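These are the residues of each chain, in order.
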Amino acid sequence: MLDEIVRDGAQQMLAAALAAEVAAYIDAHAGAVDEHGRRLVVRNGHHHQREVLTAAGAVSVTAPRVNDKRIDSDTGERQRFSSAILPAWARKPGFTDEVGMGGGL
């Protein structure tokens, strides 16, 4: 029972932290607009649910998705949002990463 409460709390904290990280990224680029005045950096739903291993055990997470249409002037490639809390390589269940291990939250 206690483990379940801890995992639920970790899951809620992780979801809130990811939402805050995405909101801050979008707010930081709110001034980036196209020729029609539309924002180039917007929320775009959620990624598929996945499990990550934390100190509280495996928790399911559905990370917010960001659509960043800005173009890097040096490379000519589109900019990409990359979460510092939940790196893209932390996709596989059982993979120990910084999430909840003292470095991510």
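The structure presented is a predicted model; accordingly, all values stated were derived computationally and were not measured.

**Student:** I would appreciate a short explanation of the overall build of the chain in the present structure.
**Tutor:** Helix and strand counts for the chain stand at one helix and four strands. The N-to-C order of helical and strand elements in the chain reads α-β-β-β-β. Each of the 105 residues in the chain was classed as buried or not, and the buried ones make up 30%. The contacts in the chain between residues at least 6 apart in sequence include a share of 53% that link residues at least 24 apart.

**Student:** Would you mind going over the pairing of strand β3 (residues 57-61) with me for this structure?
**Tutor:** A regular strand places its side chains on the two faces of the sheet in alternate fashion. With four of its five residues buried, β3 lies for the most part within the structure. Bridge count between strand β2 (residues 50-54) and β3: five bridges; the pairing is antiparallel. The residue bridging Thr 54 from the neighbouring strand is Gly 57, located in β3. Two successive antiparallel strands, β2 and β3, enclose a turn made up of two residues.

**Student:** I would appreciate a short explanation of a nonpolar patch on the surface in the present structure.
**Tutor:** On the surface, a nonpolar cluster with roughly 470 Å² of combined accessible area is contributed by Met 1, Leu 2, Ile 5 and Val 6. With respect to the helices and strands, the residue Leu 2 is situated in helix α1 (residues 2-28).

**Student:** Just to check I follow, could you spell out the pattern of salt bridges for this structure?
**Tutor:** Charged atoms that come close allow side chains of opposite charge to pair. This structure, assessed with the given rule, holds two salt bridges. A salt bridge links Arg 38 to Asp 34, with the shortest nitrogen-to-oxygen separation between them at 3.9 Å. Judged by relative accessible area, Arg 38 falls into the exposed class, the value being 53%. Here Asp 68 makes a salt bridge to Arg 70, at a shortest N to O gap of 2.8 Å. Residue classification places Asp 68 among the buried residues on the basis of a relative accessible area of 3%. Note on Arg 70: relative accessible area 16%, which makes it buried.

Thresholds applied
Residues numbered from 1 in each chain as written. Predicted model: local features only at pLDDT ≥ 70, side-chain atom pairs only at ≥ 80, totals over all residues. Heavy atoms only, no water. Helix = DSSP H or I, 4+ residues; strand = E, 2+ residues; numbered from the N terminus. Buried < 20%, exposed > 50% of the residue type's maximum accessible area, 1.4 Å probe, protein only. Contact = heavy atoms within 4.5 Å. Pairing = 2+ DSSP bridges. Patch = residues over 30% accessible without salt bridge, like charges linked within 9 Å, V, L, I, M, F, W, Y side chains within 5 Å. Areas by Shrake-Rupley, 256 points an atom, 1.4 Å probe, with all protein chains shown as cover. Salt bridge = Lys/Arg side-chain N within 4 Å of Asp/Glu carboxyl O.

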